[in-house]
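# Fold and contact review
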Amino acid sequence: MRIPDALAVTWAHEPEWLAALPGLLEELADVWGLALEEPVDTPHSLVIPAGDAVLKLNAPSHVEADTEADALARWGGEGAVRLLARDDERRALLVERCVPGTRLWDAGLDEAEVIAALLPRLQVELREPHPFTRLADEADRWAEDVPRWYEASGRPFERVLVDLAVDTYRTVDRSASWLVNQDLHGGNVLAAEREPWLVIDPKPLAGERELEASGLLRNADDVSRWLDMLAGLGLDRERARAWGVAHNLAWAWDEVRHDWHENHVAEARRIFG
Ligand SMILES: Nc1ncnc2c1ncn2[C@@H]1O[C@H](COP(=O)(O)OP(=O)(O)OP(=O)(O)O)[C@@H](O)[C@H]1O
Ligand SMILES: [Mg+2]
């Protein structure tokens, strides 16, 4: 089985995992009875269609994906792909295949309208115990990390972005326990038959509903229009914008290069307005 070059580049710092992949694939195909097809050329995880299913393997240090299977299980196929099987030890999941699988980004539709119909079904309230990382715990960490990275890198962009981000982390609502997805956008919503559109690839947290704005605003042409849509669903408009800045800044630091991803900083700036 060919391992996509882009995947090998992204995870060059995890050579053991890359080397183990052919063996893992053989074992999983055997256990789950899969006829593996060609892998999708995607850099962040190994994604391989197999008949009516898609096999996905996440790298060991890709911690944001730790509870991807739990979110899919919680949704039970409502607005998201069904989880068919999971193997946590191998960091593998088997999900329903979307056919035709066109990304919402590429469909030439009003994306906000499609997302507005999906989001209320995906934002479910969680009861303890649940396996999801709490946004409040992440926010505590980001409140330390982001200013530290900013200083260490010689304050390479406007301070107002960091100030808003830190204020947002520090005011995190510790009692909120909505299932929210840090990576919801039109690239992770695929055309399907069981429902017209299904979400894939969640990076879940438990916390404020407004956090969900992060992925949507990161990829938005018109930030205001998306904020209007989110406000229409009952989210706080300015809090959604604030999380858009704060979360994208937290995700803008490259741990491998020890520097900022310029494009992510630019996205935070655009959302700030
Ligand atoms: N259930 C599915 N049905 C059909 N195609 C899928 C499915 N899951 C993934 N794919 C295809 O594989 C691509 C990458 O999948 P996914 O988003 O889960 O991986 P990823 O590595 O986390 O990607 P990225 O980080 O780039 O968003 C999708 O854009 C889609 O083309
Ligand atoms: Mg994706």
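What this report covers is the structure whose coordinates are included nearby.

Thresholds applied
- Residues numbered from 1 in each chain as written.
- Chains lettered and ligands numbered in written order.
- Predicted model: local features only at pLDDT ≥ 70, side-chain atom pairs only at ≥ 80, totals over all residues.
- Heavy atoms only, no water.
- Phe/Tyr/Trp six-rings, centres within 6.5 Å; stacked < 30°, edge-to-face > 60°.
- Helix = DSSP H or I, 4+ residues; strand = E, 2+ residues; numbered from the N terminus.
- Buried < 20%, exposed > 50% of the residue type's maximum accessible area, 1.4 Å probe, protein only.
- Expected span 1.5 Å × (residues − 1).
- Arc of directions from axis to C-beta.
- Contact = heavy atoms within 4.5 Å.
- Donors = N, O, S within 2.8 Å, 3.2 Å for Na, K, Ca; no water.
- 1 Å grid on protein atoms, 1.4 Å probe; cavity = no way out; pocket = protein on both sides within 12 Å on 5 of 7 lines; lining within 4 Å.
- Points joined across faces, edges and corners; volume = space filled by probe spheres on them.
- Nonpolar A, V, L, I, M, F, W, Y, C, P; charged D, E, K, R; others polar.
- Near = heavy atom within 4 Å.
- Polar contact = N/O pair within 3.5 Å; in protein donor to acceptor, adjacent residues only side chain to side chain.
- Areas by Shrake-Rupley, 256 points an atom, 1.4 Å probe, with all protein chains shown as cover.
- Domains from an automatic or database assignment.

For the rest of this paragraph, the subject is the packing of aromatic side chains. To describe a pair of aromatic rings, one takes the distance between the centres and the angle between the planes. Taken as a whole and judged by the stated rule, the model has eight aromatic pairs. Arranged with centres 5.3 Å apart and planes meeting at 5 degrees, the rings of Trp 149 and Trp 253 form a pair that is stacked. With Trp 149 in helix 5 (residues 135–152) and Trp 253 in strand 9 (residues 253–254), this pair connects stretches of sequence that are 104 residues apart. Note on Trp 253: relative accessible area 10%, which makes it buried. Each ring, one from Tyr 169 and one from Trp 243, has its centre 6.3 Å from the other, and the planes form 45 degrees; the classification is tilted. Here Tyr 169, found in helix 6 (residues 159–170), pairs with Trp 243, found in helix 9 (residues 237–250); they are 74 residues apart in sequence, far enough to count as distant. On the accessibility criterion, Tyr 169 (1% relative accessible area) is buried.

Here we come to helix 4 (residues 111–122). Relative to the 16 Å expected for twelve residues at 1.5 Å per residue, helix 4 spans 16 Å between its end C-alpha atoms, a close match to the ideal helical length. Buried within helix 4 are the following residues: Glu 111, Ala 112, Val 114, Ile 115, Leu 118, Leu 119 and Leu 122. The arc that holds the buried residues of helix 4, viewed along the axis, is 145 degrees, so those residues lie on one side. With respect to the buried face of helix 4, the exposed residues turned more than 90 degrees away are Glu 113 and Ala 117. Where helix 4 is buried, its residues meet helix 3 (68–75), strand 5 (178–181), strand 6 (189–191), strand 7 (197–199), helix 7 (213–218) and helix 8 (223–232).

On to the coordination of the magnesium ion (ligand 2), then. When a metal holds four donors in a tetrahedron, each ideal angle between them is 109.5 degrees; when it holds six in an octahedron, the ideal angles are 90 or 180 degrees. Binding of the magnesium ion (ligand 2) to the protein goes through Asn 188 (OD1) and Asp 201 (OD), at separations of 2.1 Å. Separated by 13 residues along the polypeptide, Asn 188 in the loop between strand 5 and strand 6 and Asp 201 in the loop between strand 7 and strand 8 (204–207) bring together distant segments of the chain.

Let's shift gears to empty space enclosed by the protein. Applying the stated criterion across every chain yields a total of one cavity of 30 Å³ or more. When its volume is computed, the largest cavity comes out at roughly 30 Å³. Taken together, Trp 105, Glu 111, His 185, Gly 186, Gly 215, Leu 216, Asn 219, Ala 220 and Trp 226 make up the lining of the largest cavity. Looking at side-chain class alone, the lining of the largest cavity contains four nonpolar, four polar and one charged residues.

As a further point, take the site of ligand 1. Taken together, 17 residues form the shell around ligand 1, and within it His 44, Ser 45, Lys 56, Glu 96 and Cys 98 come nearest. Between His 44 and ligand 1, the recorded distance is 2.7 Å, taken from a side-chain N or O atom to an oxygen atom. Residue Cys 98 places a main-chain N or O atom 2.8 Å away from a nitrogen atom belonging to ligand 1. Taking 620 Å² as the accessible area of ligand 1 by itself, protein coverage stands at 83%. Where the shell around ligand 1 is concerned, the elements lending two or more residues are strand 2 (53–57) and strand 4 (92–96). By residue class, the composition of the shell around ligand 1 is eight nonpolar, four polar and five charged. In terms of domain composition, the shell around ligand 1 takes at least three residues from each of domain 1 (5–96) and domain 2 (104–272).

Structural measurements only, silent on function.
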